[in-house]
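For reference, the chains in residue letters:
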Amino acid sequence: MKDTQPPGNQIADLTPRKVKPVANVLTWIKHWIVLKLKFLTPRTRAELERKHAEAAMRQRTQQDTLVSDISRAFLNQDTESAIAYTLCRIASLTGSDHCYIHKYDRALQEWSTTHEWHAEGITPLKPSFQSVPIDQFAWAWHQVLKGQVVQVASIDDLPPVAAAEKAILEQLGIQACLTDKSIGR
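What counts, and at which threshold
Residues numbered from 1 in each chain as written. Predicted model: local features only at pLDDT ≥ 70, side-chain atom pairs only at ≥ 80, totals over all residues. Heavy atoms only, no water. Helix = DSSP H or I, 4+ residues; strand = E, 2+ residues; numbered from the N terminus. Buried < 20%, exposed > 50% of the residue type's maximum accessible area, 1.4 Å probe, protein only. Contact = heavy atoms within 4.5 Å. Pairing = 2+ DSSP bridges. Salt bridge = Lys/Arg side-chain N within 4 Å of Asp/Glu carboxyl O. Axes fitted to C-alpha atoms, helices over the stretch in contact; angles between N-to-C directions. Core = buried A, V, L, I, M, F, W, Y, C linked by side-chain atoms within 4.5 Å. Arc of directions from axis to C-beta. Expected span 1.5 Å × (residues − 1).

Draft legend 1. Inspection of the overall build of the chain at higher detail. When its secondary structure is counted, the chain shows five helices and five strands. Along the chain, helices (α) and strands (β) appear in the sequence α-α-α-β-β-β-α-β-α-β when read from the amino end. The buried share among the 185 residues of the chain stands at 19%. Counting only contacts in the chain whose residues sit at least 6 apart along the sequence, the fraction spanning at least 24 positions is 37%.

Draft legend 2. Region of the structure containing the pairing of strand β2 (residues 110-118). For strand β1 (residues 98-104) and β2, the ladder comprises seven bridges, and the chain directions are antiparallel. Bridge assignment links Tyr-104 to a residue of β2, and that residue is Trp-111. Joining the antiparallel neighbours β1 and β2 is a turn of five residues, in which Leu-108 adopts a positive phi near 55 degrees. By the bridge criterion, two bridges tie β2 to strand β3 (residues 132-133) in an arrangement that is antiparallel. Bridging across to β3, Trp-111 finds its partner in Val-132.

Draft legend 3. Focus on the environment of Asp-156. Checked against the element boundaries, Asp-156 lands in the loop between β4 (150-152) and α5 (163-172). Here Asp-156 falls in the exposed class, since its relative accessible area comes to 57%. On a C-alpha basis, the gap between Asp-156 and Lys-166 in space is 7.8 Å, while along the polypeptide they are 10 residues apart.

Draft legend 4. Seen up close, the pattern of salt bridges. Tallied over the full model, the rule gives six salt bridges. Note that Asp-64 is salt-bridged to Arg-60, the shortest N-O span being 3.2 Å. Here Asp-64 pairs with Arg-60, and both are found in helix α2 (residues 42-76), just four residues apart, close to one helical turn. The partner of Arg-72 in a salt bridge is Asp-69, and the shortest N-O contact between them spans 2.7 Å. With Arg-72 and Asp-69 both in helix α2 and three residues apart, the pair spans about one turn of that helix. For Asp-69, a relative accessible area of 16% puts it in the buried group. Linked through salt bridges whose partners overlap, the residues forming this network are Glu-47, Arg-50 and Glu-54.

Draft legend 5. Local environment of the sheet that holds β2. Here three strands make up an open sheet; going across it, the order is β1-β2-β3 and the pairing antiparallel. This sheet does not close on itself; its edge strands, each paired only once, are β1 and β3. Taken strand by strand, helix α3 (residues 79-94) contacts β1 and β2, and its axis lies near 75 degrees from that of β2.

Draft legend 6. Region of interest: the nonpolar core. If you look at the biggest cluster of nonpolar residues, it comprises 18 residues, and the most contacted ones within it are Trp-111, Phe-129, Phe-137, Trp-139, Leu-158 and Leu-169. For this core, the secondary structure elements donating two or more residues are α4 (138-145), β4 and α5. No other element matches α4, which puts four residues into this core. Apart from the residues lying within four places of it in its own chain, the contact partners of Leu-158 are Trp-139, Val-152, Lys-166 and Leu-169.

Draft legend 7. Focus on α5. For α5, the full list of buried residues reads Glu-165, Ile-168 and Leu-169. For α5, the arc enclosing every buried residue in end-on projection is 95 degrees, short of the 170-degree limit, so these residues lie on one face. Of the surrounding secondary structure, the elements contacted by the buried residues of α5 are α4 and β5 (177-179). Looking at the residues trailing α5, positive phi occurs at Gly-173, about 80 degrees.

Draft legend 8. Highlighting α3. Under the 1.5 Å per step criterion, the end-to-end length of α3 is 22 Å for 16 residues, consistent within 8% with the ideal 22 Å. Taken together, the buried positions of α3 are Ala-82, Ile-83, Thr-86, Leu-87 and Ala-91.

Below is the structure:
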C-alpha cells in the first residue's frame, strides 16, 4: 500500500543527513549574527544603535572626567603629587599594576624612570629602569619615534625583532605594556 499524504499536510523529512562540519566556529557565529541582524525589526535596530550611542557617550564622559580630574590635581596639588595621582588614574583606567614616566637624555642614547606608580603589593621597578640604553628596547623605541603607540597585550605577541625587549620584560615579570610618545623640549 502506498503511503500518500494530501497536499498541504506533508510531514517534514526529518531523516538525519550528513552535514558538513563547520570549519571555523567563529565564522559560523559571525554569519549567524549577521543573519539575525538582517531580520531585526527597525525598532530593535534603533534600540541597539541607541545603546551603542549611550555607551560611547558614557566613555566620552569618563574620558572628560579623567582629564578634568587630572587638570584639577595639577592646579590644586604640588607637581609630584599631581604626577603620582595621574599615574594612578592611568593605571586604573588601563587595569595596570605599574605606570611610569621615563626621561630620555639629550643625546637620546638612554632613558631613566623619573616617576612610577605601582599597585599595593607589587615590587617597584623604578630602580631597574635607570640609565637604560635605548638599544635594549630598540624595536619599541623606533615605534615610538614614528609616533606610534606601542600596545602589547601579551609579551608573547611581540615580533621576533623585539626579542631583546621580550627577554627583559620576562625577566622583570612584565606581561603586557602600553607605551606612548610624549617628548618635550
